[in-house]
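Chain by chain, the residues run as shown.
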Protein chains: 4
Amino acid sequence: MRIDRKKTYAFHNNVDFCVGTGRMGLALTKEYQDELRVVQEEIGFKHIRGHGLFCEAMGIYEEINWRGETSFCYNFTYLDRVMDSYIEQGIEPFLELGFMPGALGSGTQTIFYWKGNVTPPKSYKKWADLVKTTLTHLCDRYGRDRVVNWPVEVWNEPNLPGFWKDADMQEYFKLFKVTFQAVKKVDPRFQVGGPAVCGVKDEFWIRSFLDFCRQEKLSPDFVTRHHYTTEEPDRKGHFTYQKLSDPFLGFDNLMTSRVAIDSYKEFKGLPIHITEFNTSYTPTNPIHDTNENAAYIAHQLSHLGDVNESYSYWTFGDVFEEAGIPHTQFYGGFGLVAAGCVRKPTFWTFAFFKRLQELQDLSGRCIYKDEECVIVESADKKELRGILWNRGKKTLKKDFTIPVKDKKLTFIRHTVDPVTTNPLKLWHDLGEPAAPSKAQLDLLKRADAPLISSSILDASGDVELNFSVRGFGVEYFTISACNMTPDEGYDYSKVVKGS
Amino acid sequence: MRIDRKKTYAFHNNVDFCVGTGRMGLALTKEYQDELRVVQEEIGFKHIRGHGLFCEAMGIYEEINWRGETSFCYNFTYLDRVMDSYIEQGIEPFLELGFMPGALGSGTQTIFYWKGNVTPPKSYKKWADLVKTTLTHLCDRYGRDRVVNWPVEVWNEPNLPGFWKDADMQEYFKLFKVTFQAVKKVDPRFQVGGPAVCGVKDEFWIRSFLDFCRQEKLSPDFVTRHHYTTEEPDRKGHFTYQKLSDPFLGFDNLMTSRVAIDSYKEFKGLPIHITEFNTSYTPTNPIHDTNENAAYIAHQLSHLGDVNESYSYWTFGDVFEEAGIPHTQFYGGFGLVAAGCVRKPTFWTFAFFKRLQELQDLSGRCIYKDEECVIVESADKKELRGILWNRGKKTLKKDFTIPVKDKKLTFIRHTVDPVTTNPLKLWHDLGEPAAPSKAQLDLLKRADAPLISSSILDASGDVELNFSVRGFGVEYFTISACNMTPDEGYDYSKVVKGS
Amino acid sequence: MRIDRKKTYAFHNNVDFCVGTGRMGLALTKEYQDELRVVQEEIGFKHIRGHGLFCEAMGIYEEINWRGETSFCYNFTYLDRVMDSYIEQGIEPFLELGFMPGALGSGTQTIFYWKGNVTPPKSYKKWADLVKTTLTHLCDRYGRDRVVNWPVEVWNEPNLPGFWKDADMQEYFKLFKVTFQAVKKVDPRFQVGGPAVCGVKDEFWIRSFLDFCRQEKLSPDFVTRHHYTTEEPDRKGHFTYQKLSDPFLGFDNLMTSRVAIDSYKEFKGLPIHITEFNTSYTPTNPIHDTNENAAYIAHQLSHLGDVNESYSYWTFGDVFEEAGIPHTQFYGGFGLVAAGCVRKPTFWTFAFFKRLQELQDLSGRCIYKDEECVIVESADKKELRGILWNRGKKTLKKDFTIPVKDKKLTFIRHTVDPVTTNPLKLWHDLGEPAAPSKAQLDLLKRADAPLISSSILDASGDVELNFSVRGFGVEYFTISACNMTPDEGYDYSKVVKGS
Amino acid sequence: MRIDRKKTYAFHNNVDFCVGTGRMGLALTKEYQDELRVVQEEIGFKHIRGHGLFCEAMGIYEEINWRGETSFCYNFTYLDRVMDSYIEQGIEPFLELGFMPGALGSGTQTIFYWKGNVTPPKSYKKWADLVKTTLTHLCDRYGRDRVVNWPVEVWNEPNLPGFWKDADMQEYFKLFKVTFQAVKKVDPRFQVGGPAVCGVKDEFWIRSFLDFCRQEKLSPDFVTRHHYTTEEPDRKGHFTYQKLSDPFLGFDNLMTSRVAIDSYKEFKGLPIHITEFNTSYTPTNPIHDTNENAAYIAHQLSHLGDVNESYSYWTFGDVFEEAGIPHTQFYGGFGLVAAGCVRKPTFWTFAFFKRLQELQDLSGRCIYKDEECVIVESADKKELRGILWNRGKKTLKKDFTIPVKDKKLTFIRHTVDPVTTNPLKLWHDLGEPAAPSKAQLDLLKRADAPLISSSILDASGDVELNFSVRGFGVEYFTISACNMTPDEGYDYSKVVKGS
């Protein structure tokens, strides 16, 4: 295939905007911070979003009974500790306001191993005060001009009865209104959105939500939803297994949100943030640890910006407790990184898309995109960066002819496939140790990086690229002019004697 | 080939005993310490040997002229700083006493860009005082019981006129005697040796040296010599190119030293330390940076212990100034590690032999060795570790049948060859930048490690191993029992669906 | 006062044997590990003891209901992570077996903000299995020979109904017996003890415990108890205030345990470990943050070894959640170190006693001790190390005459008192910020170390020391021979010109 | 004294603009980088200036003789390594072009232990090429827009025959012209200046230099000179001793340069950079290590901006070889920091002036200055920062009445005086060990920081400050509103019980 470098392809790449996380209290742990460091050093997300801001483990809202009287107070010790660590790591929150402090809940229903209370507040006034006090505290500590750029989302997946008592839509709308107004009172510059639904009656919820906003004259700043792409789970012991679904079904579903929103005159074009996405939505599905996941997600990343402002992979790391404390090294967790900071194949998919985004952030253009590949050119046209992925088991052959100006080009390839970069298989071959020894962990970490290959391409107007991507492989490549600057007397051909 | 696990092969593996270094003053630099850290973390040498202890850059001996009078003093500021850093890095010196402090020299002849004075002392008494004061200082600071374990070698390559004025043999013997007696006076436990010759009239020098010792009733604790295995250099600009010589010629030459020593009743069996070895002896021969070097050195390491106590690779890193300050990233330096801590292929040869030595240090046995391979078994027979190397350009096929007790075995391979681990080629393909940018250096460091592959082998009494080692490849493998400890419900076959 | 250096004073200094900690799950947090690092670098405790090993936050024991059936499993992910971190920090557990996993409890009674279940097991067999499986796992991962040296204590303060349902003594004895036998079954070398009582009917409990052991023919390896030295608390908001009690009342109480044990022929001389001690037993008593506490504890440390094998300060750091999540920087927590790794005055008391213990570990002797001071001499008599403390508000004057051999002595003093080392006051003067800014925290950390003073003492057979210790001050001093080794021409008197 | 907060005092504080360094080659060493890190973390200089850019240790210019022919080449390996390290440490060069590469010199005269060639070039064309190639290389590697902001100075102290052969003024002017034009050819935005004279015939040199520039129609961008304030040295062994001179003599001398420059219409107001200053100009004068130096330099820093753009303390650290390799821990080196990163008292003088400059950089104003004190107010008037110094031996009393708005103020003092912060004395009392042991070095580092004291001041319109500064003391203080934010129930008065 011949690339026409004058043509521009639509490719809204916002891969680094946001990433998901286990409950906020886990951010206090060392393993969490270690995993986050690995992610930030290579990928560098701007925002982080997860549950549990107001849960007991964070201790923000407390009621005290003393000699028959009940008083309450706020406690920001852990919140500050978490936010300090985020900022030190170069990441800032995408604030999800939830769940309910136990002491403020109207009921006792909880979700997850860590028991997040999912009932409406016993007092909406106290809830509004909690929201305002918390945001004001953050503005005081981290600077108002910075904090107003932290997007605010109201609750999580209220369309599921597990996450919001009875999935009571009208109660959620009430919560949204009260919260929206509370946030805007702190500072009208805050961007606030909802309804954070997952793919269950999502279109109905979004339309109802916008009807409610229209009726109440609320102007949400964005709409949020989730996006998972697997079929029904099959459980076995601690694990679930699911088939990956046809990605285009998912893209169609995403389009329904766009269409719904754009059908409202006053909400037309409102940004949609996918505040969670992944293949499987269960935290113990081994698919997350595989090369197959990496290739499937590459395809996702090439599409998710089509009608959405951003999309937040659920989650950056494997420190996660929704289904209990992980039992083993690779437990099918959502993370890009596994315990001990072992990078999974999907980690590299994000790293590679970030490399493309870097060029795009500096006015680079997408010069080619199809269902297996995307190529971006730097603004000065001196460098090309591309990614190929192979969602199937069979080797993918892909040839390009690209017009270039230079006679010699440096061609670098980073290969992530089941042969080159497969820590899951290595761990399996080691006998699947629940807690690898230091030596085993060291070995896993040596086996988690791409294979890098290089060559010098001769070009005469055009350069030919012939790719062969193994099943479930992802490949990142760069092409740039090769300017030889040899030292006096250095002769590579003498060095390697034709090998 | 069928391995007979009851058989034991002679394989004196002392790979970690000592490594070479550029002049001691360079140990003050940060780049030197960074490179040494990389080497120590992976390989962990016990001793380090190099030139320049008494040269001006270390400033140990100083003469001061003040108002017409000359006095002298000792200054151990830099010596202490270097020794502190060595000990912090877990390495201790193999002391080479030389060269001459400029102020103490009988002449002005120097060697190298850094101008080491190579003339006999103007006063043997002052020289002896210098030696005694220095060793006493080291004993005081680092503990006598520790320091007496640092071997002491008298001078370097006095058989070359560049290193010792006129290659004056009798003068060297005088130096040896004075030095030997000075060291023993500080503590008779010190092990002292010479004559540190390279391969020029080496047999004649060694016999003459022993004749002299016999005559003077000196009992050296060991004999030292060097070992390089390339033919005459062809120079081009800053670089030299040499053909690798037939390794067996070198081994024969080493044997001549052994035979010579053993022909003296009183010196029979005296240890021989090869205090320098490498392929080429020129510090700007690109061979050092290649995969070919890695394979050739693997073969060397399988042999050098045959008649020698130890063998010290010249050198651990590329911070080196004998032929001037390096001009470019890969300049054909001796180092296992290049500038910016990029590990060369030969680095891994040492790392792999160290893995074997670890088993041998714990009473493991060599169960097989030939000219392309060595295999060691752990004392409990539960683990095998082996190395294969291919000194030729064509792929080497090698099959083993090994009797085992377990039904399932974990088989791990670490491959270092021109395709998997070739930072030199990557640098070449980048255009041979003299000073890589941060991004280029980062890329080189990502491309300097072995490819790791794993599998589970089924065995029935015997296990079959089929190796295919690329030209100039080195391969390290381990085999151990695979005890599956899967978590409840974990099913790898479901995870990877036959991929 | 004239010191007689031939006299030896009884001073069993075991200050570094063990230290307390908040619940084990907190060891996963970064702040905890950071605080522990500061403690270990300066003091270096050998063991660490705290609650919560078997609580939900550690997730070791789990019951799963799936389609109507209940199964259970063990999960050591977090336990391994905590133990790995301890070992990395050079500390090993003093294992307290407790509290009850929720799923294994016979009831729902809990203690603390973090809800530790304090009911007897619903099945003693399952409890014994849990104990055995956990210890066996630790032996497998960390090496049996190492792990059997970790002392084992059964439960915590069963003599309080808050810690053990109804403070049911017979039920505790049953628990002890089952646990003791389970542990010994894993390895008879394990040292196991109880009953871990606090000072409520402690003598009665200890005698009853030993009666029970005699009757059941159990041979506990040691007896454990706690030791706090404040009067009844006065609560105000989040805080409690208590008067320090007369220390000798406490020492008398400790003696009752010794006497009780020694009254049993078969238990006579059994070691007593004080597995918790501090001034106040409430986690929000500001006394812990003061200089007064430092001086009081110094006195304690000079006595606690009198009849006890060891004594474990409760706790090393301020990461602690028993009374809820701390609300502010200095909240009266038990820690030697406050949030952000600010060292409290009492930190230095331990650091100073450790300096004495270092000499004692190398056969140094206590040459003087009274109620305000202790002095230890090194085995070679070349160095003296001493500590003075002032439990009162008024300045303490203390003069010594010490016979010495050297003419000149280096005298170094480290002063910790309300003027030199008082981060609490600085924080107060800053306005008591709940979450100090980075700049404020930096300032606090600059103000948390001793003032160091030095001088050269002239001696003529005797040396005179005149101390003046401020109210609530602690002072550590060393005296050693001053051997001047000036550089050529260096003249300090010219440098400072009499200043 | 009553401060009038409406009044503004002239105080051009540019303390962080530049600092001096030992020869550039020393920047390769680890100790140098460690010391620089300590300086940058606390003070954070913008520029660094020293000698030796073109000397052999940097190896930039090289001539090679090969088979009778001489060729030359440039080598930027070490230059890049040094510049990379500077930029990593947040500091950028103030480029001093000199001395002469040995191979390019017209003679062999050298200066210093490290033998810098101080002769004019044998070819001015080759010199100009060297300058252009070096600057162009820096522009390529570090970005032209950044590098043109690195000031360029031509040579060092040509008015001394030791630094420039025969102190030949006309030859220097030739060098200046050639160099000036070469630099401007690379980029006219470069700021270039000279003549870098020390205080020997300085006024004559500066006037002659400007005459020359006028005549040749050269427009230098700034004038440079040095400034030392001690009398003639008295040498003793390795050391020199000098009396501090009256500072006002020095300020008068500085004024002569200002007057001279301003007398030229075309050069009027040209910035003057003091590219070196210190008390003594000898690198082995123990005054540099004293508290007296800290106090004297504080006074200097309050004045040096009066008629000069900047002033660069000579030098940041004690890695320095002009008079040979340092023999001992405190050797009277120029550094703010001694070996092992021990901070000298003068270090804090700079740190304190930097704290004032921070306010001034944000539009703070100097509200008071005299010969013992300077006070700066923040732009929002909420904070005051001041420094007092005492150049004499007797205690200095100083009282201020300052009008304030707040009722309660936090008053923090950082004291550096012979009692609180005197590592030199501690080292002396330890016996002046040339190479302190790890324990001794640790002790020195614990004794090198200010004593911090705090209090809350009550004010009623005015606040009273009563200072008492010990002889040779420097004191930094801050005053800001104290807003009490106590936690519920926290009562400091109960905590400390009046202590």
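Residues numbered from 1 in each chain as written. Chains lettered and ligands numbered in written order. Predicted model: local features only at pLDDT ≥ 70, side-chain atom pairs only at ≥ 80, totals over all residues. Heavy atoms only, no water.

1. Some points on the overall build of chain A
Part 1 of the argument: When its secondary structure is counted, chain A shows 12 helices and 25 strands.
Part 2 of the argument: By the compact-globule yardstick of 23 Å for 499 residues, chain A fits well, its C-alpha radius of gyration being 24 Å.
Part 3 of the argument: Expressed as lengths along the three principal axes of its C-alpha atoms, the size of chain A is roughly 90 × 55 × 45 Å.
Part 4 of the argument: Look at the contacts in chain A between residues 6 or more apart in sequence, and 76% of them connect residues 24 or more apart. (Helix = DSSP H or I, 4+ residues; strand = E, 2+ residues; numbered from the N terminus. Rg over C-alpha atoms; globule rule 2.2 N^0.38 Å. Contact = heavy atoms within 4.5 Å.)

2. Some thoughts on the relation of the copies chain A and chain B
Part 1 of the argument: For the match of chain A to chain B, the screw axis carries a shift of 0.0 Å, the RMSD comes to 0.0 Å, and the turn is 180 degrees. Both copies are brought into coincidence by an operation consistent with a two-fold rotation axis. Minimal C-alpha separation from the rotation axis in chain A is found for Leu451 of chain A, amounting to 3.7 Å.
Part 2 of the argument: A share of 100% of interface residues in chain A that are also interface residues in chain B marks the association as one of identical surfaces. (Least-squares fit on C-alpha atoms with pLDDT ≥ 70 in both.)

3. So, the environment of Tyr78 of chain B
Part 1 of the argument: Relative to the elements of secondary structure, Tyr78 of chain B occurs in helix H2 (residues 77-88).
Part 2 of the argument: Since its relative accessible area comes to 4%, Tyr78 of chain B is described here as buried.
Part 3 of the argument: When residues no more than four places from it in sequence are discounted, the contact partners of Tyr78 of chain B are Leu28, Ala57 and Met58 of chain B together with Leu26, Glu321 and Ile325 of chain D. (Buried < 20%, exposed > 50% of the residue type's maximum accessible area, 1.4 Å probe, protein only.)

4. A word on the interface of chain A and chain B
Part 1 of the argument: Counting from both sides, the interface comprises 54 residues of chain A and, opposite them, 54 residues of chain B.
Part 2 of the argument: Between chain A and chain B, roughly 5,000 Å² of surface is buried when both sides are summed, and carbon and sulfur atoms account for 56% of that area.
Part 3 of the argument: Of all residues in chain A, Arg446, Tyr490 and Tyr492 of chain A give up the largest surface area on contact with chain B, accounting jointly for 13% of the area buried on that side.
Part 4 of the argument: At the boundary of chain A and chain B, one finds six salt bridges.
Part 5 of the argument: Across the contact surface, chain A and chain B share 26 residue pairs in polar contact (both at pLDDT 80 or more).
Part 6 of the argument: It is helix H10 (residues 423-429) of chain A that provides the largest number of residues to the side of chain A that touches chain B, a total of six residues. (Buried area = accessible area lost by both parts, 1.4 Å probe. Salt bridge = Lys/Arg side-chain N within 4 Å of Asp/Glu carboxyl O. Polar contact = N/O pair within 3.5 Å; in protein donor to acceptor, adjacent residues only side chain to side chain.)

5. Observations regarding the domain arrangement of chain A
Residue and element names in this part refer to chain A.
Part 1 of the argument: In terms of domain boundaries, chain A breaks down into domain 1 (18-360) and domain 2 (364-484).
Part 2 of the argument: Measuring from the centre of the C-alpha atoms in domain 1 to the corresponding centre in domain 2 gives 31 Å.
Part 3 of the argument: Counting from both sides, the interface comprises 33 residues of domain 1 and, opposite them, 37 residues of domain 2.
Part 4 of the argument: Across the domain 1/domain 2 interface, buried area totals approximately 3,000 Å², and carbon plus sulfur atoms make up 68% of it.
Part 5 of the argument: Area buried by domain 1 at its contact with domain 2 is led by Asn291, Phe352 and Leu359, which between them contribute 23% of it.
Part 6 of the argument: Arg343 is the partner of Asp448 in a salt bridge, and the nearest nitrogen-oxygen pair spans 3.0 Å.
Part 7 of the argument: Applying the counting criterion to the domain 1 and domain 2 interface returns 13 residue pairs in polar contact (both at pLDDT 80 or more).
Part 8 of the argument: At the level of secondary structure, the elements contributing two or more residues to the side of domain 1 that touches domain 2 comprise helix H7 (247-262), helix H8 (291-303), strand E17 (342-343) and helix H9 (345-361).
Part 9 of the argument: For the side of domain 1 that touches domain 2, the leading source of residues is H9, giving 10 residues.
Part 10 of the argument: Looking at side-chain class alone, the side of domain 1 that touches domain 2 contains 16 nonpolar, 11 polar and six charged residues. (Domains from an automatic or database assignment. Nonpolar A, V, L, I, M, F, W, Y, C, P; charged D, E, K, R; others polar.)

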